[in-house]
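Coordinates in review
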Amino acid sequence: MAHIPDGVLSLPVLAVGAAVAAAGCAYGLKRLDAERIPQVAVLSAVFFVASLVHFPVGPSSVHLILNGLVGVALGWAAFPAILIALLLQAVMFGFGGLVVLGVNVMNMAVPAVLCGLLFDAVRAHAGERWAVPAAGAAGVLGVLLTALSVALVLALSGREFVPAAKLVLVAHVPVMIIEGFFTAAAIGLLLRVKPEFLDRTPACLAEEIAS
């Protein structure tokens with residue numbers, strides 16, 4: 001249910017989602033340095049593959065999202081990374097839809113960016129020793145905020161979708177736990193072997209700071 005299909009949401013919700021996705025992608029691309037494009041491509045591929053890993057939950061199933069990990073590693077560049085992955089998923093596997101693409105991007109990329117900001121704030125104020133716990137919290141928060149956002153847009157599109165909105169929240173609880181541990185482990189490994197992977201400062205700004 002994280003990938004909402006076409007024909008479900010109301011026109012105002014679709015318009016807001018498209019506007020937020022377009023603005024986020026424009027800002028993310030503006031801050032993206034050319035040398036970090038391969039990194040964005042790698043995380044977009046990770047996000048793409050994660051959706052293929054499904055877990056049965058009651059009569060339905062849920063899948064990994066990993067938008068917390070993407071947000072921690074990419075910051076605002078999570079918007080174009082998630083857009084490309086969702087577009088390919090919709091075209092190749094029928095996950096979600098094209099008309100609702102903006103809303104699906106909004107539901108996953110906005111939480112991703114917030115997780116990145118949370119991770120940065122913890123590292124800046126509490127030190128590196130709290131980086132791994134902060135990454136784990138970002139993994140949980142990314143799924144939680146996505147589930148809340150999906151539930152909200154469903155509820156705003158009609159009262160008949162309220163039961164489905166409640167199911168989305170409950171079904172994603174195990175995903176939150178799994179992604180919390182996975183994100184903490186992945187970021188912990190990156191901090192040990194390739195910490196520069198998590199440096200999201202634009203090159204022009206880095207030069208200004210150095211001078």
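Preceding this paragraph is the structure being described.
This text gives an overview of the structure that appears in the document. (Residues numbered from 1 in each chain as written. Predicted model: local features only at pLDDT ≥ 70, side-chain atom pairs only at ≥ 80, totals over all residues. Heavy atoms only, no water.)

Take the overall build of the protein next. Helix and strand content of the protein: 9 helices and 2 strands. Helices (α) and strands (β) of the protein occur, in sequence order from the N terminus, as α-α-β-β-α-α-α-α-α-α-α. The C-alpha atoms of the protein give 17 Å as radius of gyration, which agrees with the globular expectation for 211 residues (17 Å, within 12%). In terms of overall dimensions, the protein has C-alpha extents of about 55 × 30 × 30 Å along its principal axes. Across the 211 residues in the protein, those meeting the buried criterion constitute 47%. At a minimum sequence separation of 6, the contacts of the protein that also span at least 24 residues come to 77%. For the protein, the exposed area adds up to about 10,100 Å²; of that, 74% sits on carbon and sulfur atoms. (Helix = DSSP H or I, 4+ residues; strand = E, 2+ residues; numbered from the N terminus. Rg over C-alpha atoms; globule rule 2.2 N^0.38 Å. Buried < 20%, exposed > 50% of the residue type's maximum accessible area, 1.4 Å probe, protein only. Contact = heavy atoms within 4.5 Å. Areas by Shrake-Rupley, 256 points an atom, 1.4 Å probe, with all protein chains shown as cover.)

Below, the discussion takes up the pattern of salt bridges. For the coordinates displayed, the defined rule picks out 2 salt bridges. Taking the shortest distance from any N to any O, the salt bridge between R123 and E128 comes out at 2.9 Å. For E128, a relative accessible area of 46% corresponds to the partly exposed category. The salt bridge involving K194 is made with E196; its shortest N-O contact spans 3.3 Å. Accessibility expressed as a relative area gives 47% for E196, which makes it partly exposed. (Salt bridge = Lys/Arg side-chain N within 4 Å of Asp/Glu carboxyl O.)

The biggest cluster of nonpolar side chains holds 47 residues, and the ones touching the most others in it are F47, L74, I82, F119, I187 and L198. Elements that contribute at least two residues to this core include exactly α1 (11-30), α2 (37-50), α3 (67-74), α4 (78-93), α5 (101-126), α6 (131-156) and α8 (173-193). Ranked by the residues each element gives to this core, the list is headed by α5, at 8 residues. Those residues in contact with I187 that lie beyond four places of it in its chain are L69, V72, F119, A135 and L198. One finds I4, L9, V153 and V168 within the second-largest nonpolar core, a separate group that totals 14 residues. (Core = buried A, V, L, I, M, F, W, Y, C linked by side-chain atoms within 4.5 Å.)

Together, V49, L52, I84, L87, L88, V91, M92, F93 and L98 make up a nonpolar patch on the protein surface, roughly 810 Å² of accessible area in all. The biggest single contributor to the nonpolar patch is α4, with 6 residues. Assignment of secondary structure puts F93 in helix α4. (Patch = residues over 30% accessible without salt bridge, like charges linked within 9 Å, V, L, I, M, F, W, Y side chains within 5 Å.)

On to unusual backbone geometry. In most cases, non-glycine residues show a negative phi, while peptide bonds are predominantly trans. At L66, a residue that is not glycine, the phi angle is positive and equals roughly 65°. Tracing the backbone through its elements, the reader meets L66 in the loop between β2 (60-63) and α3.

Okay, α4 next. Given 3.6 residues to a turn, an α-helix orients residues that are three or four positions apart in the same direction. Taking 1.5 Å per residue, 16 residues should reach 22 Å; α4 reaches 21 Å between its end C-alpha atoms and fits that length. Residues of α4 that are buried include every one of A78, F79, P80, A81, I82, A85, L86, Q89 and A90, and no others. As for α4, its buried residues are in contact with α1, α2, α3 and α5. A positive phi of about 75° marks G94, the residue just after α4. (Expected span 1.5 Å × (residues − 1).)

It is worth stressing that arrangement in space is one thing and function is another; only the former is reported here.
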